[in-house]
Amino acid sequence: MSDKPANTMWGGRFAMSPAEIMQEINASIGFDKRLAPQDIRGSRAHAAMLAEAGIITKADAKEITKGLDQVLAEIEAGTFKFSRALEDVHMNVESRLKDLIGAAAGRLHTARSRNDQVATDFRLYVRDQIDGLDAALAGVQQALAAKAEAHAGTVMPGFTHLQPAQPVTFGHHLLAYVEMIARDRGRFADARKRLNESPLGSAALAGTSFPIDRHKTAETLGFDKPMANSLDGVSDRDFALEVLAAATISSIHFSRLAEEIVIWMTPQFGFVQLSDKFTTGSSIMPQKRNPDAAELSRAKVGRIAGAFQSLAMVMKGLPLAYSKDMQEDKEVTFDALESFKLVIAAMAGMIADLEPVPEVMRAAAGRGYSTATDLADWLVRELKMPFRDAHHVTGSIVKAAEKRGIELDAMPLADMQAVEPRITKAVFSVLSVENSVKSRVSYGGTAPQNVLKMAKGWIKRLEKERGKG
Ligand code: ARG
């Protein structure tokens, strides 16, 4: 217990200030000061509405707005003194406002509670983050599509089970990620739509007896409408959960690409090179070039998925309406979204930096009997074999080639005919990796002409989008 005076913001019925440890567990200013710009935005909207509704005077609203501008300027300049005794950003701002403008500051909190205030601030913050993330994700898509266009015809092995499966093009592989990111952006956009309702005016939990205009504050803050239930308004955090879920899924996509870059970078694969800009050396092994940025991007998903899990556990079983547990929503969300932003930026940089080594990819694409399916398809097409039989015949030919230690296109015709006498030399036309990829013209397939068209389509779409944004 402390013998200092009680908190001036809410301490009317308190004789003493909180214990040191109470302050420590209770205070959120250490992290929620990040919400100051959103807090001040919300307060300005609230004050203007209060004045318009005749709840406070126009003169007071003017003073409040001027004072809030000053507070924001101080925070931006780094001269603002945050106090832990004032617990959180809301009371720090209001307390400073009182220093600056005096009594009028005390009218700002009319028809409002920290409960709807923090819900509003946090929604505004998450919405701002979504907008930044969307632009950043579009940037990665651009980098990927540009690389895909340049490598629409660069052949590489396509894998299943990380075993050589069928040849594909590098451009096709990169465009797979452009599609994933498009869905990621869709998830954020959907979350944004649901998020974009204003809790402000829910007050502590039950609404208010003052004639406030919630539609007006919603509109001022760029929300589509006010939330329809005040209890829900102060106690909902599913908007944050949804955005963390979207970030988790998207960062899983990036971790897969990061993992591929790590694999491709190994001397055993040697498919791609990253420059000095995106690699690091070893303090003991002079030969090393390590893909640390890719590894860290792969790892960040742990924090992001952890943030979702953390907030889900905070919210689970919380009775309506607000509980202080919900203060735990912020740190994990801040950290996850900051980490995610970093991953996106690092990946965008790496993709632009990444140079494939076409000869190595091409040689690898030809190994492991990767055109066996083409051979089976040829038997179906030319000899009218049922696919199951063609699969079996091809398997026997692969086995014979394996025994001889050669690839399919090096198999003498006679050896193939020993398995299936009707095979002619025309079969060789489908056994090269180039012809294999060229033949995959089905919609969404890997044929260079498809890939080029898709890459160009994406580039155009993304450019158009950027023009609009
Ligand atoms: N710092 C608090 C939070 O982040 C603000 C709301 C506090 N409300 C209250 N009734 N104590 O959740």
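Residues numbered from 1 in each chain as written. Predicted model: local features only at pLDDT ≥ 70, side-chain atom pairs only at ≥ 80, totals over all residues. Heavy atoms only, no water.

### What about the site of the ligand?
The immediate surroundings of the ligand are formed by Ser-28, Asp-32, Asp-88, His-90, Arg-114, Asn-115, Val-118, Tyr-322, Lys-324, Gln-327 and Lys-330. A distance of 3.1 Å is found between a nitrogen atom of the ligand and a side-chain nitrogen or oxygen belonging to Asp-88. The side chain of Tyr-322 places a nitrogen or oxygen atom 2.3 Å from an oxygen atom of the ligand. For the ligand, whose unbound accessible area comes to 340 Å², protein coverage reaches 86%. Of all the elements, helix H6 (residues 114–150) adds the most residues to the shell around the ligand, at three residues. In terms of residue class, the shell around the ligand is made up of two nonpolar, four polar and five charged. (Near = heavy atom within 4 Å. Polar contact = N/O pair within 3.5 Å; in protein donor to acceptor, adjacent residues only side chain to side chain. Areas by Shrake-Rupley, 256 points an atom, 1.4 Å probe, with all protein chains shown as cover. Helix = DSSP H or I, 4+ residues; strand = E, 2+ residues; numbered from the N terminus. Nonpolar A, V, L, I, M, F, W, Y, C, P; charged D, E, K, R; others polar.)

### Description of the side chain of Glu-420
As for its position among the elements, Glu-420 is in the loop between helix H16 (413–419) and helix H17 (433–439). Glu-420 sits in the buried class, given a relative accessible area of 9%. (Buried < 20%, exposed > 50% of the residue type's maximum accessible area, 1.4 Å probe, protein only.)

### Considering the pattern of salt bridges
This structure, assessed with the given rule, holds 30 salt bridges. Between Asp-329 and Arg-237 there is a salt bridge, with the nearest N and O atoms lying 2.6 Å from each other. Taken together, the residues Asp-329 in helix H12 (residues 329–353) and Arg-237 in the loop between helix H9 (230–235) and helix H10 (238–265) connect sequence positions 92 residues apart. Residue Asp-329 is classed as buried on the basis of its relative accessible area of 0%. Three or more residues are tied together by salt bridges with common partners; here these are Glu-87, Asp-88, Arg-114 and Lys-324. (Salt bridge = Lys/Arg side-chain N within 4 Å of Asp/Glu carboxyl O.)

### Observations concerning a nonpolar patch on the surface
Together, Ile-21, Met-22 and Ile-25 make up a nonpolar patch on the protein surface, roughly 340 Å² of accessible area in all. Checked against the element boundaries, Ile-25 lands in helix H1 (residues 20–26). Under the relative-accessibility criterion, Ile-25 is labelled exposed at 69%. (Patch = residues over 30% accessible without salt bridge, like charges linked within 9 Å, V, L, I, M, F, W, Y side chains within 5 Å.)

### Regarding the pairing of strand E2 (residues 163–169)
Direction of pairing for strand E1 (residues 155–160) relative to E2: antiparallel, over a ladder of six bridges. Counterpart to Thr-160 in the pairing with E2 is Gln-163. (Pairing = 2+ DSSP bridges.)

### So, the packing of helix H11 (residues 292–315) against H12
Viewed as axis vectors pointing N to C, H11 and H12 meet at an angle of 155°, and their least axial separation amounts to 9 Å. With respect to H12, the element H11 is oriented roughly antiparallel. Crossing angle aside, the handedness with which H11 passes H12 is left-handed. Residues Ala-293, Ala-294, Ser-297, Lys-300, Arg-303, Ile-304, Ala-307, Ser-310 and Leu-311 of H11 lie in contact with H12, whose contacting residues are Asp-329, Val-332, Thr-333, Asp-335, Ala-336, Ser-339, Phe-340, Leu-342, Val-343, Ala-346, Met-347 and Met-350. The residue makeup of the contact of H11 with H12, split by class, is 13 nonpolar, four polar and four charged. (Axes fitted to C-alpha atoms, helices over the stretch in contact; angles between N-to-C directions. Parallel < 35°, antiparallel > 145°, perpendicular 65-115°, else oblique. Left-handed = near helix turned anticlockwise from the far one by under 90°. Contact = heavy atoms within 4.5 Å.)

### Observations concerning the packing of H6 against H12
The N-to-C vectors of H6 and H12 enclose an angle of 15°; their axes lie 9 Å apart at closest approach. It follows from the interaxial angle that H6 and H12 lie roughly parallel. Here H6 runs over H12; the crossing is left-handed. Class assignment for the residues of the contact of H6 with H12 results in 17 nonpolar, two polar and six charged.

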